Amino acid sequence: MSATRGHLLALGALVVALVAVAFGVRDQVTLELVFTFLLYAVLGQSWNWISGYAGNISFGHAIFLACGAYASGVLVTAGWSPWLAFVAAALAAIVLAVVTGFPTLGLRGHYFSIATIAVAALVEACVRVVPWLNGANGFELPIRNGWSALEFAGKTNYVLLALALFVAVQLATLALERSRLGFYLRALRANYAAAASVGIDERRWKLLAFAASAVMASAAGVLYAQDTLFVDPPSVLALSVSIDIALIGVVGGLGTLWGPAAGALVYVVLAKGVALHLGGSGKGYDLVIYGAIICLIAALRPDGIVGTIVKAARRRRGTLGADAFAAEAA
Amino acid sequence: MEALSTFGQLLVAGLLTGLVFALVAVGLTLVYGVMDVVNFAHGEFLMLAMYAAFGLALVGIGPLVGLPLVAIALFLFGIVVYRLFIRRLLAGPPEATVFGTFGLLVLMQGLAQALFTSDYRSVPDPPFAATLHLGALALPQAALVEGLGAIVLTGALFAFIEYAPAGRAMRAVSEDRTAATLMGIDVQRINTLAFGLGAACAGAAGALLVLSNPAYPTVGASFALTAFVVVALGGFGSIAGALLGALVVGVLEVLGGYYLSPELKMVPVYLAYLVVVLARPQGLLGRR
């Protein structure tokens, strides 16, 4: 269990450091980048549950982000508390995960991935058509200030909220890695036929993971809407949003506890930070650098940043055998 | 009567659109069939070909004369990309090819944006700009040329895979890599050839598409997304499936655009994909 203690210590250290940043740093742009980093780390980890641990690569995860963002938009516009949006978003995300996951989670490989693109496109079409979701116009939230409105003039409280969500998601993932669900998912990922033959019900456990993953992403969606105060189909439902989430998951390392955070750090520093310094993303330099890094990781370190570190550590401890066995089974 | 003639016009337009999708999809499905790789950068290969055809047009070489040149250039580009990059991805876990080719997509889009800016580049005075009238049907000549090109290209590729020795070797590799190796087939060579051919298909497609489309950095993505659905609908790795899937998708998209709204034109396409794949998880003509 010393590994668990190590992870908890690392998480604690990160919390202390980021709380210090939240209160110590005055520069609002930097704080916004930290907030974006934490939000994408949560989204990447949520994606990691179904695509990393369970092995169903999704290119449609933005629909769950949209559940949260639109829950905020609808409820706040109707005069309700944005805190209720967390509940409404979670319920919507669970329903959407079950309705879309039940038929598709049994599809193999690329057929599943393309199905997630199709599902996300259909969800976007629905959002554009349903009148009370405001179609292409989306929602603009009124500018307010304070905890009851969940809106703040400065970015400090947003960083704290995102940090709290990040900690909750990391703890849940730590628990997943040590739980029956976690073992089942990894068994299904390694070899679903073998896993099914010992009585693991693929649909049931993957649906559970998918629903949990959807709830996490929806909470991030609420925070996103409360921060940007604007929600419309392109900003939360575009294919590029889903692909950004997936790339974060894989750059860090599929099925690892710290992978999504590492991937989000690379994404925010490169895609957002570089764009800021090179004067907007219109010139494409940010894409060149980010694309080159993804290419290099895929070719040289296909296990991702954290995946490579984990494997190296196991090799030193001489416990790589279990991994090799799992790879053999796959 | 008028509703019927509108439907006929839409059907023909849909089939022509479908042939354009087939043009983009055959290269994708060829690469998948031989080496199990979905090349997510296939659309960017197409984009590169469109810029190349545009450049040739600027120096006075029209798209149809330029087509073989662009196809050969893309063939060589594909070989280089395979040797330097894809080969390494194949040595890693399966998801490495997915994200590696995604990285290539981002990199190529970024380079195009940095080098050529986001401006739309259209071939000046393109040939086949007129419209052909057959009774009540109005057929843009460019679409007819593109459709004809798609049929020739798909037919040539199909004949190559069926009858040429290298094509038979490709089929052997796609059926059983280990057995093919034991029979003395150099899998790396076959993979290289297949990836080059897939890129050459994108090259030919790009040279034809500039007849009716401008070149810009993200032009490939718009075609490739549909091509992925086409390939999955027809069955990954099946060339006949890609052609059938492309025609189905083309017709559904045009009908959806007319009877629903242009914004919702892809809704029937995606619904059809989900229905097909839930009933037949391997797609229309795919192998299990």
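First things first, this report covers the structure right here in the doc.

Rules behind the numbers
Residues numbered from 1 in each chain as written. Chains lettered and ligands numbered in written order. Predicted model: local features only at pLDDT ≥ 70, side-chain atom pairs only at ≥ 80, totals over all residues. Helix = DSSP H or I, 4+ residues; strand = E, 2+ residues; numbered from the N terminus. Expected span 1.5 Å × (residues − 1). Buried ≥ 20, exposed ≤ 12 C-beta atoms within 10 Å, placed from the backbone. Axes fitted to C-alpha atoms, helices over the stretch in contact; angles between N-to-C directions. Parallel < 35°, antiparallel > 145°, perpendicular 65-115°, else oblique. Contact = placed C-beta atoms within 7 Å. Nonpolar A, V, L, I, M, F, W, Y, C, P; charged D, E, K, R; others polar. Bend = angle between axes of the 7 residues up to and from the residue. Pairing = 2+ DSSP bridges.

Looking now at helix α1 (residues 2-24) of chain A. Spanning 23 residues, α1 of chain A covers 32 Å between terminal C-alpha atoms, matching the ideal 33 Å at 1.5 Å per step. With one of 23 residues buried, α1 of chain A is to be regarded as a mostly surface element.

For the rest of this paragraph, the subject is unusual backbone geometry. Only a minority of non-glycine residues have a phi that is not negative, and only a minority of peptide bonds are not trans. A positive phi angle, near 55 degrees, is found at Leu 150 of chain A, a position not held by glycine. Tracing the sequence through the fold places Leu 150 of chain A in the loop between β1 (139-140) and α6 (156-177). Look at Leu 150 of chain A and you get buried, because 23 C-beta atoms sit within 10 Å. Positive phi values are uncommon outside glycine, yet Thr 117 of chain B reaches one of about 60 degrees. Looking at the secondary structure, you find Thr 117 of chain B in the loop between α4 (94-116) and β1 (131-134).

Angle between the axes and distance between the axes are the two parameters that describe a pair of packed helices. Residues and elements named next belong to chain B. The contact between helix α10 (residues 239-259) and helix α11 (residues 267-279) brings their axes to 7 Å, and the two run at 140 degrees. The angle between α10 and α11 places the two elements in the oblique class. Contact residues: Val 248, Val 249, Leu 252, Glu 253, Leu 255 and Gly 256 in α10; Val 267, Pro 268, Val 269 and Ala 272 in α11. Taken together, the residues of the contact of α10 with α11 sort by class into eight nonpolar, one polar and one charged.

Before going further, it helps to examine helix α2 (residues 28-53) of chain A. All names here are of chain A. In this model, α2 (26 residues) spans 36 Å end to end at C-alpha, consistent with the 38 Å of a helix rising 1.5 Å per residue. Within α2, the axis deviates most sharply at Trp 47, by approximately 40 degrees. Taken across its 26 residues, α2 has 20 buried, putting it largely inside the fold. Where α2 ends, the next residue or the one after it, Gly 55, has phi of about 85 degrees, a positive value.

This part is about the pairing of β1 of chain B. All names here are of chain B. Pairing of β1 with strand β2 (residues 137-140), which is carried by four bridges, proceeds in the antiparallel orientation. Looking at β2, one finds that Leu 132 is bridged to Leu 139. Between β1 and β2, which follow one another and run antiparallel, lie two residues, and Gly 135 among them has a positive phi close to 60 degrees.

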